[in-house]
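# Reading the structure
Now for the letters of each chain:
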Amino acid sequence: MERGKGKGFTGWLKRGIFAECVLVAVLALLVIWKNGEQETEASFSTNTLSIEDDYIKWVDFTVSYEALCKAYDWDVETHGTEHQIHWVELLAYTAAKTGGEFGKDALKIMDKAAEKLAAGDCTMEELAEGLKYYAYYLEAYDAAIGGLVGEYREGNGDSAGEGYEECYGLKGYFPLARGFDYTHYDDFGVNRSYGYSRPHLGHDMMGLVGTPIIAVESGVVEALGWNQYGGWRIGIRSFDGKRYYYYAHLRQNYPYAEGLQEGSVVTAGDVIGYMGHTGYSTKENVNNIKIVHLHWGLQLIFDESQKEGNNEIWIDVYPLTRFLAKHTQAAAKVEGTKEWRRTVDIVDPKVEEYEAGHLEEIRAPMREEDLEGDELSKVQPEGSEEQKVTQ
């Protein structure tokens, strides 16, 4: 009888210990889950600094080439359907789910969401409900790539100028003319020492002197001239004011496309200048850069106070450069000149909208035959003999 009681007590004790172990394990899992949630929040905090004064202060554009391609494909494939997917929204949703990381798991999340959206099972508003940082990523990514995809009309070579085809897709262009050799790698953030130690806030594409430089997006020439760091350079602002494209180290003596000046309106795909290696000099028109290359950068502007100074936002455009290689523009040499011109024209509705509302502000491009003396020297600088481009 006593032995039976002992066995009963031992069994009860074992069950109690087991229950206690289960409870400890559950508590441990809860702690791990909570820590993981905090780590996710920390990841979000690292990639998405706070929004103050009602505008974004910082953006880490970490979208991969693969993610750009996948989101773009979903956008184009569903265009014109009842359930069109907008690539910026899809990227923003994915980033909000992953904390701005775009590895293989993120691509799976993107596909799963896109399949639901395309089937009409839900809307993006429903998918994004409760995602704390979705609105942030949507605004940030729209500022970075919002002007690159949309409707446009592309010329088909009709000499009468009437043959334009309605298109939808990538209307932003690769920054170098098609067929010219180049090399590049991701060098964003690498240290630069001229003048003072600083990170490299752009993307370098090595090539040959005179390679035609192509406008990535339509916009207005906001800066043109000499800068001791960038040499002969061009700054183009998107029509919505959110993007500032910077093209630097242009060719000595003849850096710009004919007639280009501050205030000029350019269309994506236009030839705007020529590759060189000017810069790193307070004296104008000097080749102090050892390697011939185009430096192009993209600055995001959410408030005009960010345009110049310590609050500038420059993003890594290496993945974007690879993506833009999907849409290149060929250029043809204008016989008897140093000029190259685009070979296929497009009509960008954004250009038409801007010009309709800014008729008095637009400066028509100047042609060399219209200029004389000092006026001509202001368009293209004088200097030492240039190198010739070879293909």
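Described below are features of the structure shown in this document. Keep in mind that what you see is a predicted model, and the values were worked out from it rather than measured.

### Re the pairing of strand 15 (residues 293-300)
Summarising burial for strand 15: 8 of the 8 residues are buried, a large majority. Judged by which residues are buried, strand 15 turns out to be covered on both faces: His293, His295, Gly297 and Gln299 on one side and Leu294, Trp296, Leu298 and Leu300 on the other are all buried. Bridge count between strand 8 (residues 203-206) and strand 15: 4 bridges; the pairing is antiparallel. The residue bridging His203 from the neighbouring strand is Trp296, located in strand 15. Here strand 12 (residues 243-248) runs beside strand 15; their pairing, made up of 6 bridges, is antiparallel. By the bridge assignment for strand 15, Tyr245 is matched with Leu298. Sheet analysis places strand 15 next to strand 16 (residues 313-314), joined by 2 bridges and oriented antiparallel. Bridging from a neighbouring strand, Leu300 pairs with Ile313 of strand 16.

### Topic: the sheet that holds strand 3 (residues 149-155)
Across the sheet, which stays open at both edges, the 3 strands sit in the order 4-3-19 with antiparallel pairing between neighbours. The sheet is open, and its two borders are formed by strand 4 (164-170) and strand 19 (346-347), each paired with just one other strand. Two elements, strand 3 and strand 4, share 7 bridges in a ladder whose sense is antiparallel. Of the residues in strand 4, the one forming a bridge with Tyr152 is Cys167.

### Here we look at the packing of aromatic side chains
Following the criterion strictly, the structure yields 14 aromatic pairs and no others. With a centroid separation of 5.2 Å and 75° between ring planes, the pair formed by Tyr136 and Tyr137 is classed as edge-to-face. In terms of burial, Tyr136 and Tyr137 fall into one category: buried. Here the aromatic rings of Phe239 and Tyr354 are separated by 4.7 Å at their centres, their planes lie at 20°, and the arrangement is stacked. Taken together, the residues Phe239 in the loop between strand 11 (231-237) and strand 12 and Tyr354 in helix 8 (residues 349-357) connect sequence positions 115 residues apart. The exposure class assigned to Tyr354 is buried, which follows from its relative accessible area of 14%. Counting every residue linked through ring pairs, the aromatic cluster contains Phe61, Tyr136, Tyr137 and Tyr141.

Conventions adopted
Residues numbered from 1 in each chain as written. Predicted model: local features only at pLDDT ≥ 70, side-chain atom pairs only at ≥ 80, totals over all residues. Heavy atoms only, no water. Buried < 20%, exposed > 50% of the residue type's maximum accessible area, 1.4 Å probe, protein only. Helix = DSSP H or I, 4+ residues; strand = E, 2+ residues; numbered from the N terminus. Pairing = 2+ DSSP bridges. Phe/Tyr/Trp six-rings, centres within 6.5 Å; stacked < 30°, edge-to-face > 60°.

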